[in-house]
Amino acid sequence: RWWWRSFLTSSFPAVYFFGYSVYYSTKLDTKNPVSFLFYFGYMGLITLVLILMTGTVGVLSSLWFNMLIFRIYVSRSLKDL
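Basis of the calculations
Residues numbered from 1 in each chain as written. Predicted model: local features only at pLDDT ≥ 70, side-chain atom pairs only at ≥ 80, totals over all residues. Heavy atoms only, no water. Patch = residues over 30% accessible without salt bridge, like charges linked within 9 Å, V, L, I, M, F, W, Y side chains within 5 Å. Areas by Shrake-Rupley, 256 points an atom, 1.4 Å probe, with all protein chains shown as cover. Salt bridge = Lys/Arg side-chain N within 4 Å of Asp/Glu carboxyl O. Helix = DSSP H or I, 4+ residues; strand = E, 2+ residues; numbered from the N terminus. Axes fitted to C-alpha atoms, helices over the stretch in contact; angles between N-to-C directions. Parallel < 35°, antiparallel > 145°, perpendicular 65-115°, else oblique. Left-handed = near helix turned anticlockwise from the far one by under 90°. Contact = heavy atoms within 4.5 Å. Nonpolar A, V, L, I, M, F, W, Y, C, P; charged D, E, K, R; others polar. Buried < 20%, exposed > 50% of the residue type's maximum accessible area, 1.4 Å probe, protein only.

**Remarks on a nonpolar patch on the surface**
Taken together, the side chains of Trp 2, Trp 3, Trp 4, Leu 60, Leu 63 and Met 67 make up a nonpolar region of the molecular surface, amounting to roughly 630 Å² of accessible area. Every element with two or more residues in the nonpolar patch is listed here: α1 (2-10) and α3 (33-79). Secondary-structure assignment places Trp 4 in helix α1.

Below you can see the structure in the form of structure tokens.
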């Protein structure tokens, strides 16, 4: 299905963001596990929001493109009749 591919492809930068936040967590000076829990909790929520936002943009833009191409194809097909 094209919509899952467009959603997952466009939401990959959010996964990259989470990967970078894991890398950045190794640079933090804290030893407190609660700080890491808060950090990864908030980064997980931010990543989830970014996945939903970028995935929605990807699906809507792919839907718009597919509708445009289909409209052009149907109008040319009807002219041939």
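**Remarks on the packing of helix α2 (residues 12-25) against α3**
Interaxial distance between α2 and α3 falls to 9 Å at its minimum, and their mutual angle equals 165°. In terms of axis orientation, α2 runs roughly antiparallel to α3. The chirality of how α2 crosses α3 is right-handed. Packed against α2, whose contacting residues are Ala 14, Val 15, Phe 17, Phe 18, Ser 21, Val 22, Tyr 24 and Ser 25, the element α3 presents Phe 36, Tyr 39, Phe 40, Met 43, Gly 44, Ile 46, Thr 47, Leu 50 and Ile 51 at the interface. The class makeup of the residues in the contact of α2 with α3 is 13 nonpolar, four polar and no charged.

**Some details on the environment of Phe 18**
Position of Phe 18 relative to the elements: it lies in helix α2. You can call Phe 18 partly exposed: its relative accessible area is 30%. Taking C-alpha positions, Phe 18 is 7.2 Å from Gly 44, a pair spaced 26 residues apart along the chain.

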